[in-house]
Amino acid sequence: MTDQQTDRYAVVGNPIAHSKSPVIHRAFAQQCGERLSYEAICAEDFAREAEVFFRDGGKGMNVTVPFKLDALNFADELSPRAARAGASNTLILDDSGRVQAENTDGVGLVRDIESNLAWPIAGKRVLILGAGGAVRGILEPLLAVQPSMIHIANRTVSKADALAAEFDDLASITASGFEDIGPGQFDLIINGSAASLQGDRPPLADDVAADCACYDMMYGAEPTVFMRWAMENRALAVADGLGMLVEQAAESFYLWRGKRPDTGPVLSELRQTLQLS
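Summary of the structure given here. What you are looking at is a predicted structure, and each value in this text was computed from that prediction instead of being measured.

1. Let's talk about the pairing of strand 3 (residues 58-63)
With five of six residues buried, strand 3 lies mostly within the body of the structure. Relative to strand 3, strand 1 (residues 7-13) runs parallel, the two being bridged by five bridges. Following the sheet pairing, Ala 10 is matched in strand 3 by Met 61. Pairing of strand 3 with strand 5 (residues 90-93) involves three bridges; the strand directions are antiparallel. Residue pairing for strand 5: Met 61 is matched across the bridge by Leu 91.

2. So, the side chain of His 151
Along the chain, the position of His 151 falls in strand 8 (residues 149-153). You can call His 151 buried: its relative accessible area is 9%. A polar side-chain atom of His 151 sits 2.7 Å from a polar atom in the side chain of Ser 176. When residues no more than four places from it in sequence are discounted, the contact partners of His 151 are Val 126, Leu 127, Ile 128, Thr 174, Ala 175, Ser 176, Ile 181 and Phe 186.

3. What about the pairing of strand 6 (residues 99-102)?
Taking every second residue as pointing to the same face, both faces of strand 6 are buried, with Val 99 and Ala 101 on one and Gln 100 and Glu 102 on the other. By the bridge criterion, two bridges tie strand 4 (residues 77-78) to strand 6 in an arrangement that is parallel. Looking at strand 6, one finds that Glu 77 is bridged to Gln 100. Pairing between strand 5 and strand 6: four bridges, direction antiparallel. Residue pairing in the sheet places Thr 90 in a bridge with Glu 102 of strand 6.

4. Re the sheet that holds strand 10 (residues 188-191)
Strand order in this open sheet of six strands is 9-8-7-10-11-12, and the pairing throughout is parallel. Each edge of the open sheet carries a strand with a single partner, namely strand 9 (173-176) and strand 12 (237-239). Neighbour to neighbour, the strand axes of the sheet diverge by 15° on average, direction disregarded. Taken together, the three bridges between strand 11 (residues 213-216) and strand 12 define a ladder with parallel strand orientation. In the sheet register, Tyr 215 faces strand 12, and the bridge partner there is Ala 239. Strands in contact with helix 8 (residues 225-232) are strand 7 (125-129), strand 10, strand 11 and strand 12; relative to strand 11, the strand with the most contacts, it is inclined by about 170°.

5. As for helix 6 (residues 133-144)
Taken residue by residue, helix 6 has Val 135, Gly 137, Ile 138, Leu 139, Pro 141, Leu 142 and Leu 143 as its buried positions. One or two positions beyond helix 6, positive phi appears at Gln 146, with a value near 60°.

6. Here we look at the sheet that holds strand 1
The strand order across the open sheet built from six strands is 2-1-3-5-6-4, with neighbouring strands paired in mixed fashion. The open sheet has two edge strands with one neighbour each: strand 2 (36-42) and strand 4. Where helix 2 (residues 46-55) meets the sheet, it contacts strand 1, strand 2, strand 3, strand 5 and strand 6, and its direction lies at approximately 150° from that of strand 3. Contacts from helix 9 (residues 242-257) reach strand 1, strand 2, strand 3, strand 5 and strand 6, with the element oriented near 10° to strand 5.

7. Quick notes on the side chain of Asp 216
Looking at where Asp 216 falls in the secondary structure, it is placed in strand 11. Among the polar contacts listed, one links the side chain of Asp 216 to the side chain of Thr 224, at a separation of 2.7 Å. If sequence neighbours within four positions are ignored, Asp 216 has contacts with Asn 191, Ser 196, Thr 224, Phe 226, Met 227, Ala 239, Asp 240 and Gly 241.

8. What to know about the pattern of salt bridges
Tallied over the entire structure, the rule returns 16 salt bridges. Residue Arg 125 pairs with Asp 187 through a salt bridge whose shortest N-O separation is 3.0 Å. Of the two residues, Arg 125 is situated in strand 7 and Asp 187 in the loop between strand 9 and strand 10; the sequence distance between them amounts to 62 residues. Looking at Asp 187, the relative accessible area reads 24%, which means it is partly exposed. The partner of Arg 136 in a salt bridge is Glu 166, and the shortest N-O contact between them spans 2.5 Å. On the criterion of sequence distance, the pair formed by Arg 136 in helix 6 and Glu 166 in helix 7 (residues 157-166) is long-range, its members being 30 residues apart. What makes Glu 166 partly exposed here is its relative accessible area of 37%.

Calculation criteria
Residues numbered from 1 in each chain as written. Predicted model: local features only at pLDDT ≥ 70, side-chain atom pairs only at ≥ 80, totals over all residues. Heavy atoms only, no water. Buried < 20%, exposed > 50% of the residue type's maximum accessible area, 1.4 Å probe, protein only. Helix = DSSP H or I, 4+ residues; strand = E, 2+ residues; numbered from the N terminus. Pairing = 2+ DSSP bridges. Polar contact = N/O pair within 3.5 Å; in protein donor to acceptor, adjacent residues only side chain to side chain. Contact = heavy atoms within 4.5 Å. Axes fitted to C-alpha atoms, helices over the stretch in contact; angles between N-to-C directions. Salt bridge = Lys/Arg side-chain N within 4 Å of Asp/Glu carboxyl O.

Written out as structure tokens, the structure reads:
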């Protein structure tokens, strides 16, 4: 590496101490021979924190809860993906000094499912649980790989209906409550609801998981409640969202540095660290 100035990056959220992003991006930088620093910033006022960060020479920022909408509003320009998602998890300072908003969550999800897990999405019947911001962020990249259908199930059916209608110009999306979901209707179930955060699972009939691949966007040292439910009810395969976290970070890194890291070793090391903690 040369003696060029160290470029500064950060992840901003509140809380932020739990974030794996500094570990991930430092590993990417070492792997790709990139000279940069990456820190975690706990913010109270996102706009003020971001303004100071970029004014003082920051080059890029990851954004986590509860500031993804604030990041969208802060940016000078929005990518089509970020605009569609209605949120941004990645800010990029371009050569003209303007801040670009991007959303890499959906790309990370699709790459984890298709590349890391080798679960095909094209032509498959996909059930998505939840209709909040996490689901909104993944819909466009998911639709781009052409599943045969996407159905959104949510406790509040009106929210599922509204989200389906918002993306209906890209493909036909259906929606319902959880009680309307029966067995044999889907090939892949993606849990994007807040249930896992609360140690709960969506109120689906047990036989819905049978013969499905089941993916939880949340992750932990142990299988999530959703994953355990799926395993107990004859799911074909189960996975958590740790790979999504690493893959969305890799997409951010690529947008910032123009290099695409090898995510496999970083994901393996992160998984091992998580299980030992």
